[in-house]
Amino acid sequence: MLIELNHVTRLYGIVIGVNDITLDLPEGAHGLLGPNGAGKTTLLSLITGQLRPTIGDVRVLGQSPRANPELFRRIGYLPGTEGMYADVSALEWVTYLTRIQGYSASEATRLAKQALERVRLTEHMHRKISAFSRGMRQRTRLAQAIAHEPDFLILDEPFSGLDPIARHTMTTLLQDWIERKRSLLISSHVLHEIESLTRSFLLISGGRLLASGSTDEIGSLLSNMPSEVRLKVQSPRQLAAELLQGGLAETISIEGERDLRLTTASAGRLSEFLGQAISEGRYLITEMRSTEDSLQDVFNSLMKLHRGLA
Amino acid sequence: MNTLSRIPAVFAFEWRRALTIPRMGWMLALAALPPLLLFLIRTAARSEPPPDVAAVLVYVLSPCVACMMSVFLWSTPAVSSELEGRSWTYLSVRPHGTLAVLLGKYLVGVSWALPVGLLSAIIGSLVITQNDLPRLIATQCALATLSCVAYGAVFLLIGVIAPARAMVLGVIYAIVFEVAAAFIPAAVNLLTIQHRLRCLLVRWMGMDMSIAEESPVLLSYFGDESASWHVFLLLVMTAGYLIVAALLLRYREFTAAAETAT
């Protein structure tokens, strides 16, 4: 198991950072999603052993992460804050951290160069970090996390502050990492950033784990929640009346001559009804689309569920 | 590889980073201060001071003031500079990373302060007197070395105990303990580094302490133990401070976000 959290709570005085999270996460790539202040960094600090849980137990790769040199050899971490020494070159900095990882000077230099090459910084590696752009600094930070070839890479908001080109580069680098069958946990408050990397997500808010699993699994949690459907149909008024009479729609709006927009708490029954109606030739439906295809919609719905708004 | 093998990496890296002209300028200024003051004292007195007075003057300005200030500037912010710079996180997720940085920075601090202490002790001795110079220089250099080693450990510990207020607490410690308490003839002065260094000065310079032997109060200022005992105690205190600092580092939580330990 990659991560095991057993009723983990972390308090900062009277402020709750993480609230009673229980979770078993298998090896692979996972996204940690939540709005700013959701507790993502606290959770990552618990996973990397920088913080102790106030209550509960944390295990990473089967071991306690707190002051555990053996585990630290197997993980790479990119923190959410920069914290780089501006007065040294990228090569010096990555080599230094790789040496602290436990490698000899020559081996650390070799690994640092290799990592900087992987993040496409070879030609700039002798330049001082202070002269780097935000994207180059972020790639340098990624290099220090992967230089010692960890089994498990943990990234806290790696896309933060990057321009579109730098985001694309970072995404490509992380896709390469995943293709090499290494584990990854990546946090973000912007869903589309990590949708292209993994389909396994943890959604947290207010220090609580709202849901975990694939997009589909999380979607199934929402099956009883009203979901929005758009239809293009030849006689929308007649269909709207039938849906309301059958209790298949909560709200309906007719937009233009052919567009029908509705919310339903019975998505299964609705699709069954529409399928039958089409096959019987009662309605000519040319398009049907759920607007909750994107992960952002799933996340918004979960937030509503969590807040008791659904 | 264990912690010890990582310390040279930290030492070499931090030394390279420290080699800047402003920093070297500050260290040279600190080394020049005691000889300058001693020169002014000698010029004002218009004559060479008695040997014991000369030894005390060099001791106060070099092993005490110059060495203490140098290691204070290096060792006290060892942890806080990493926390404030948000670089602590990178070290805390590496095997023995924070301990290696702590000890590596301690050695960097001592190795930067030592030339300051030795230079100021040698030049200061040459400036103040020509009397029994080899003995004076050897004594002051030995005291400067012990001062850097011991004070470096104390200030490092203070930096680990309260990283957010390390510099303020370091100054308070220096004034309250190493200046005030060290001169109180009670058990508390035995715990200060100042007391041990002062006792060593008296022993190594062969100062006449016959008056102290008749007065328990004076005896508590200079002690009646052997020089080797004082050296041993200083080294034990140094090791003790470093061990406590290492243990605190191991069991406390230091988060860059809070810049404090909990």
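Caption draft 1: Up close: the sheet that holds strand β11 (residues 251-255) of chain A. Residues and elements named next belong to chain A. The strand order β11-β12-β10-β13 describes an open sheet built from 4 strands, whose pairing is antiparallel. Two strands close off the open sheet at either side, each with one partner strand: β11 and β13 (285-290). Within this sheet the neighbouring strands show an average axis-to-axis angle of 15°, counted without direction. Across 6 bridges, the pairing between strand β10 (residues 227-233) and strand β12 (residues 259-264) is antiparallel. Its bridge partner lying in β12, Ser227 is registered against Thr264. Across the face of the sheet, helix α9 (residues 236-245) comes into contact with β10, β11 and β12 while running at roughly 180° to β11. The strands touched by helix α10 (residues 267-279) are β10, β12 and β13; relative to β13, the strand with the most contacts, the crossing angle is about 170°.

Caption draft 2: Examining the pairing of strand β3 (residues 29-33) of chain A more closely. Residues and elements named next belong to chain A. The buried count for β3 comes to 5 of 5 residues, which makes it a mostly enclosed element. Direction of pairing for β3 relative to strand β7 (residues 183-188): parallel, over a ladder of 5 bridges. Bridging from a neighbouring strand, Leu33 pairs with Ser188 of β7. Bridging between β3 and strand β8 (residues 200-205) involves 3 bridges; their strand directions are parallel. Bridge pairing in β8 places Gly31 opposite Phe201.

Caption draft 3: View of the interface of chain B and chain A. The interface is formed by 23 residues belonging to chain B together with 26 residues belonging to chain A. At the level of secondary structure, the elements contributing two or more residues to the side of chain B that touches chain A comprise α1 (3-18), α5 (88-92) and α6 (97-128) of chain B. Counting residues per element, the side of chain B that touches chain A draws most heavily on α1 of chain B, which supplies 5 residues.

Caption draft 4: Structural detail: the pairing of strand β6 (residues 152-156) of chain A. Residues and elements named next belong to chain A. For β6, the tally of buried residues reaches 4 of 5 residues, placing the bulk of the element in the interior. With 5 bridges connecting them, β6 and β7 associate as parallel partners. In the sheet register, Leu153 faces β7, and the bridge partner there is Leu184. In terms of handedness, the path from β6 via helix α6 (residues 164-179) over to β7 forms a crossover that is right-handed.

Caption draft 5: Structural detail: the packing of helix α5 (residues 134-146) of chain A against α6 of chain A. Residue and element names in this part refer to chain A. One can describe the packing of α5 onto α6 by two numbers: an axis separation of 10 Å at closest approach and a directional angle of 15°. In terms of axis orientation, α5 runs roughly parallel to α6. Classified by chirality, the crossing of α6 by α5 is right-handed. Touching Gly135, Gln138 and Leu142 of α5 are Ala166, Thr169, Met170 and Leu173, all from α6. Split by residue class, the contact of α5 with α6 holds 4 nonpolar, 3 polar and no charged.

Thresholds, definitions, all that
Residues numbered from 1 in each chain as written. Chains lettered and ligands numbered in written order. Predicted model: local features only at pLDDT ≥ 70, side-chain atom pairs only at ≥ 80, totals over all residues. Pairing = 2+ DSSP bridges. Helix = DSSP H or I, 4+ residues; strand = E, 2+ residues; numbered from the N terminus. Axes fitted to C-alpha atoms, helices over the stretch in contact; angles between N-to-C directions. Contact = placed C-beta atoms within 7 Å. Buried ≥ 20, exposed ≤ 12 C-beta atoms within 10 Å, placed from the backbone. Right-handed = clockwise from strand over helix to strand, strands pointing away. Parallel < 35°, antiparallel > 145°, perpendicular 65-115°, else oblique. Left-handed = near helix turned anticlockwise from the far one by under 90°. Nonpolar A, V, L, I, M, F, W, Y, C, P; charged D, E, K, R; others polar.

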